[in-house]
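Here is how the chains run, residue by residue.
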Amino acid sequence: MGDMFSVKAEALRGRPGGKHGFLKNKRMRHNNTAHVTLETRRCVGCGECAQACPKKVIGMTDLPMHRHAHMEQPDLCVGCLKCVKACRNEALTASN
Ligand code: SF4
Ligand code: SF4
């Protein structure tokens, strides 16, 4: 019989994606939907994409020195690509 620590370690290993895998995936989802990818380094925070999105998928992070788009509700994206067309900085691209 294993002690408490090894039982807990076993439970963590059994978690889908593991603790850190889950965090990584969540961070990636902030910049992706099934149809579009956001490159925040190119984003100037103009908000045109959020205005263009008919499904309200895109939100804006608005902090001092830190303004850019993010995917607020990625599961609602229908792949219309209106956000890609609206972005003049090529910060949004269609996913393959
Ligand atoms: S592809 Fe369409 S639905 Fe998806 S985020 Fe862009 S504008 Fe919104
Ligand atoms: S349109 Fe482009 S530059 Fe403007 S907020 Fe959206 S992703 Fe950023």
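For the structure itself, consult the block above.
These numbers come from a predicted model, not from an experiment.

**Re the overall build of the protein chain**
In step 1: Helices and strands together make up the secondary structure of the protein chain, namely four helices and four strands.
In step 2: Listed by position from the N terminus, the elements making up the protein chain come as α-α-β-α-β-β-α-β.
In step 3: In the protein chain, which comprises 96 residues, the proportion classed as buried is 17%.
In step 4: Relative to all contacts within the protein chain whose residues are 6 or more apart in sequence, the contacts with residues 24 or more apart total 58%.

**Here we look at the site of ligand 2**
In step 1: By nearness alone, 15 residues border ligand 2, and C43, C46, C49, C87 and A91 come closest of all.
In step 2: Sorting the residues of the shell around ligand 2 by element identifies α3 (48-52) and β3 (66-71) as the ones contributing at least two each.
In step 3: The residue makeup of the shell around ligand 2, split by class, is 10 nonpolar, four polar and one charged.

**What to know about the site of ligand 1**
In step 1: Around ligand 1, 15 residues are found, and the nearest of them are C53, V57, C77, C80 and C83.
In step 2: The residue makeup of the shell around ligand 1, split by class, is 10 nonpolar, three polar and two charged.

**Some points on the environment of K85**
In step 1: If you trace the backbone, K85 turns up in helix α4 (residues 82-86).
In step 2: What makes K85 exposed here is the crowd of 12 C-beta atoms within 10 Å.
In step 3: Distance in space between the C-alpha atoms of K85 and C49 is 8.2 Å, their sequence separation being 36 residues.

**Some points on the pairing of β3**
In step 1: Relative to β3, strand β2 (residues 58-63) is paired through six bridges, and the arrangement is antiparallel. Among the inter-strand pairings, M60 is bridged to a residue of β3, identified as A69.
In step 2: Hairpin connection between β2 and β3: a loop of two residues separates the two successive antiparallel strands, and M65 in this loop has a positive phi of roughly 65°.

**Digging into the environment of G47**
In step 1: Tracing the chain through its elements places G47 in the loop between β1 (36-38) and α3.
In step 2: Spatially, the C-alpha atoms of G47 and A69 are 6.9 Å apart, while their sequence positions differ by 22 residues.

**Section: unusual backbone geometry**
In step 1: At L81, a position not held by glycine, the phi torsion is positive, near 65°.
In step 2: With phi around 55°, E90 is a residue other than glycine that occupies positive phi space.
In step 3: Structurally, E90 can be placed in the loop between α4 and β4 (92-94).

Each value, and the rule that gives it
Residues numbered from 1 in each chain as written. Chains lettered and ligands numbered in written order. Predicted model: local features only at pLDDT ≥ 70, side-chain atom pairs only at ≥ 80, totals over all residues. Helix = DSSP H or I, 4+ residues; strand = E, 2+ residues; numbered from the N terminus. Buried ≥ 20, exposed ≤ 12 C-beta atoms within 10 Å, placed from the backbone. Contact = placed C-beta atoms within 7 Å. Near = placed C-beta within 6 Å. Nonpolar A, V, L, I, M, F, W, Y, C, P; charged D, E, K, R; others polar. Pairing = 2+ DSSP bridges.

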